[in-house]
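Structure at a glance
So you can see what is in the structure, the chains are spelled out below.
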Amino acid sequence: MEMELAGFWVAVAVALASLFWWWNDYWYALPFRLHRGGVKLPPGYMGIPFIGEMPAFLWYFKVLCRPDDFINAKRRKYGDGIGLYRTYLFGSPTIITCTPSATKMVLQDESSFSVSWNNVELVGATSLVAVEGPAHSRVRALVVRAVNQPDALQAKKVTLASIGMYFASIELEDVLETIDDLVKGIINGLRAYPINFPGTALHYALQCRRRAKAIFRKELEKRNKFEASVLKNDLMEALMQMKDEEGNRLSEDEVLDNIVTLIIAGYTSTSVAIMWAVYYLAKYPEILLRLREEHMLICKKLGDLVTYEEIASCKYTAKVVEEIIRMANISSFVVRTAKKDVDYKGYRIPKGWKVACWLRYFQTNPEHFEDPMCFNPDRWNEAPKAGSYLVFGGGPRMCAGNMFARLQVAVLLHHLVLGYRWKLVNPNAGMTYLPHPNPADDVEIDITQI
């Protein structure tokens with residue numbers, strides 16, 4: 001009797017453990033098979049209640065520091081024929097896409113997929129990255145013109161300083177330092193688990209967003225009251241003056257949401273890319289030498305303005321910049337939400353589920369780039385395979401400042417390679433991958449002026 005009772009409790013324990021282990025699959029996937037005519041979801045595993053596969057995600061990204069193995073493990077287990085996998089990440093049932101065709105379908109079909117954020121307040125409810133339809137087209141058109149086609153850049157103030165000046169004419173060092181800290185706080189919250197209470201990354205990020213918005217609100221109010229007739233020729237002024245087809249201007253909240261969001265996006269992409277530029281050029285002195293030779297040809301006097309036309313003439317620099325951006329892999333994935341049930345190659349993407357387009361996989365896949373983890377600007381002698389290079393996303397929501405980011409990096413390279421020598425203090429430093437790839441020492445260098 002005791003043996004039978006013990007066996008019973010063992011069976012109960014095994015059943016409960018199995019239920020716990022497969023709970024999300026039972027809860028989210030089983031109803032599709034039972035009640036929707038045997039509709040197939042993509043293969044995968046959705047993890048344990050409320051947490052899903054976050055332990056595995058963090059294991060690969062933070063503990064092992066091998067982020068690509070998160071997707072490769074799924075490919076080995078489920079195959080990679082359709083490039084779709086079901087999972088549960090960041091508090092939501094999710095479909096992962098990791099093939100060019102599936103990702104293109106999601107990013108280009110705005111009638112079926114909407115932009116998705118864990119907390120829309122964090123990116124600004126009326127900002128370019130949150131609004132849809134005509135509002136998105138209206139703001140994007142102005143931002144693309146204003147951000148991607150500057151006449152000239154003062155390269156001695158790069159990253160946050162140049163972005164702060166170009167977007168809102170902010171030059172004060174103490175204000176820029178405050179914005180710098182706030183931007184970092186916001187970035188850390190963008191990929192945080194969506195739990196908002198004191199002490200969480202999301203809660204702190206929301207506080208940083210509100211403080212950053214207050215800084216720019218003060219600048220906007222000053223312009224409205226005292227400087228209405230003083231032309232600034234920056235993005236804030238352009239947004240304040242912009243009118244739609246009916247002659248209506250943007251509201252103050254729309255202006256502020258877009259300024260804060262664009263500074264976050266511009267600062268993140270540019271500063272991360274510049275950090276990797278310093279890193280890779282220290283690692284590959286022969287590439288640095290070729291850059292220096294090219295920029296000597298357009299150098300008039302060190303410290304002078306460098307124009308867009310001069311930078312555009314530097315063909316090898318363009319290849320180096322592209323390779324830096326590819327290797328930086330600034331955004332591992334972008335997220336959309338399915339507006340309706342979508343069928344793709346016999347599998348269902350359910351309405352309301354998140355879709356994570358795994359951009360990082362494209363840049364690190366040897367099927368797309370030969371020896372992908374090697375820094376090789378000459379690979380850009382040829383165009384990449386169609387759909388295999390999506391560092392700035394794709395479709396109607398491709399990063400509006402993609403050309404601005406490229407230009408910022410190229411301008412910095414011009415002054416860096418002509419004016420300085422540097423070496424890595426920790427050439428064998430490890431890597432971290434959240435919220436974006438980063439050497440563990442933040443690329444500490446010894447630098448001297450030439």
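Bear in mind the structure is a predicted one, so any value in this text is a computation, not a measurement. (Residues numbered from 1 in each chain as written. Predicted model: local features only at pLDDT ≥ 70, side-chain atom pairs only at ≥ 80, totals over all residues. Heavy atoms only, no water.)

Here's the deal with the overall build of the protein
What counts, and what does not: Only runs of H or I of at least four residues qualify as helices and only runs of E of at least two qualify as strands under DSSP, and these elements are numbered from the N terminus. A 1.4 Å probe rolled over the protein chains alone gives each residue an accessible area, and that area as a share of the maximum for its type sets the label: buried under 20%, exposed over 50%, partly exposed in between. Residue contacts are counted whenever heavy atoms from the two residues lie within 4.5 Å of one another. For accessible areas, the Shrake-Rupley method is used with a probe of radius 1.4 Å. Any residue's cover is judged against the shown protein chains and nothing else.
Broken down by element type, the protein carries 17 helices and 13 strands. Looking at the protein as a whole, 51% of its 450 residues qualify as buried. A fraction of 69% describes how many contacts in the protein between residues 6 or more apart in sequence connect residues 24 or more apart. Total accessible area computed for the protein in this model is approximately 21,800 Å², and 57% of it derives from carbon and sulfur atoms.

Some remarks on the UniProt feature "transmembrane region" (unreviewed entry) in the protein
As a reminder, the rule being used: UniProt positions are given in the numbering used here, feature names are shortened, and annotations may be inferred rather than shown by experiment.
Under the local residue numbering, the UniProt record ascribes the feature "transmembrane region" (unreviewed entry) to residues 6-23, 44-61 and 259-282. Between the first and last C-alpha atoms of residues 44-61 the distance is 19 Å; the span itself is 44% helix and 0% strand.

Some remarks on the side chain of Lys354
Just so we agree on the cut-off: Contacts described as polar in this section are N or O atom pairs within 3.5 Å, which, within protein, must combine one atom able to donate a hydrogen with one able to accept it, while residues neighboring in sequence count only if both atoms come from side chains.
Within the secondary structure layout, Lys354 lies in strand β9 (residues 354-357). Within polar-contact distance, the side chain of Lys354 engages the side chain of Ser116 at 2.8 Å. Engagement of the side chain of Lys354 in a polar contact is seen with the side chain of Thr337, the distance being 3.3 Å. Sequence-distant contacts of Lys354, defined by excluding residues within four places in its chain, comprise Ser92, Pro93, Thr94, Ile95, Ser116, Val335, Arg336 and Thr337.

Points about helix α4 (residues 68-78)
Asp69, Phe70, Ile71, Asn72 and Lys74 are the residues of α4 that are buried. Tucked into the core, α4 has its buried residues touching α3 (54-63), β1 (84-89), β2 (92-97) and α16 (359-363). The positive-phi residue at the C-terminal boundary of α4 is Gly79, with phi of around 85°.

Some thoughts on empty space enclosed by the protein
Heads up, the condition is: Only protein atoms enter the calculation, which uses a 1 Å grid: trapped sets of points that fit a 1.4 Å probe without letting it out are cavities, open sets showing protein on both sides within 12 Å along at least five of seven lines are pockets, and any residue with an atom within 4 Å of a point is a lining residue. Grid points are joined across faces, edges and corners, and a volume is the space filled by probe spheres set on the points. Side-chain classes are defined by residue name, with Ala, Val, Leu, Ile, Met, Phe, Trp, Tyr, Cys and Pro counting as nonpolar, Asp, Glu, Lys and Arg as charged, and the others, Gly among them, as polar.
Using the criterion set out here, one finds four cavities of 30 Å³ or more in the structure. Each pocket or cavity is described by its volume, and for the largest cavity that value is around 1,100 Å³. Lining the largest cavity are 50 residues; nearest its centre among them are Trp117, Val129, Ala265, Ser331 and Val334. For the lining of the largest cavity, the secondary-structure elements that each account for two or more residues are α6 (120-123), α7 (133-148), α9 (173-190), α12 (252-283), β6 (334-338) and α17 (402-419). Top contributing element to the lining of the largest cavity by residue count: α12, with nine residues. Here the lining of the largest cavity is composed, by residue class, of 30 nonpolar, 15 polar and five charged. Volume-wise, the second largest cavity comes out at about 190 Å³. Phe90, Asn118, Arg191, Phe333 and Val335 are the residues nearest the centre of the second largest cavity, which is lined by 15 residues in total. For the lining of the second largest cavity, the secondary-structure elements that each account for two or more residues are β2 and β9. The dominant element in the lining of the second largest cavity, judged by the number of residues it contributes, is β9, at three residues.

Looking at the UniProt feature "binding site: heme" (unreviewed entry) in the protein
Mapped onto the present numbering, the UniProt feature "binding site: heme" (unreviewed entry) falls at Cys399. Considering the arrangement of structural elements, one finds Cys399 in the loop between α16 and α17. Setting aside chain neighbours within four positions, we find Cys399 in contact with Arg140 and Phe392.

Considering unusual backbone geometry
Along the chain, Leu434 connects to Pro435 via a cis peptide bond; the corresponding omega equals 0°. Structurally, Pro435 is set in the loop between β11 (431-432) and β12 (438-439). Positive phi, normally seen in glycine, also occurs at Cys65, with a value near 55°. On the secondary structure map, Cys65 appears in the loop between α3 and α4. Among the residues examined, Cys65 registers a relative accessible area of 25% and is labelled partly exposed. Located in the positive-phi region is Phe90, a residue other than glycine, with phi close to 50°. Checked against the element boundaries, Phe90 lands in the loop between β1 and β2.

Comments concerning the packing of aromatic side chains
In plain terms, the rule: Stacked, edge-to-face and tilted labels apply to pairs of Phe, Tyr and Trp rings (six-membered ring for Trp) whose centres lie within 6.5 Å, assigned for plane angles under 30 degrees, over 60, and everything in between, in that order. Definition used: whenever NZ (Lys) or CZ (Arg) falls within 6 Å of the ring centre and also within 35 degrees of the ring normal, the charge is taken to sit over that ring.
Summed over the entire model, instances satisfying the criterion amount to 25 aromatic pairs. For the pair Tyr28 and Trp353, a centre-to-centre distance of 6.2 Å together with 90° between the ring planes defines the contact as edge-to-face. One end of the pair, Tyr28, is in helix α2 (residues 23-35); the other, Trp353, is in the loop between β8 (347-349) and β9, and 325 residues separate them in sequence. On the basis of relative accessibility, which here comes to 5%, the residue Trp353 falls in the buried class. What links up through ring pairs into an aromatic cluster is the set Phe57, Tyr60, Phe61, Phe70, Phe90, Phe333 and Trp358. One cation-aromatic arrangement involves Lys40 over Tyr347; the distance from NZ or CZ to the ring centre is 4.5 Å. The ring of Phe70 carries Lys74 above its face, with NZ or CZ at 5.1 Å from the centroid.

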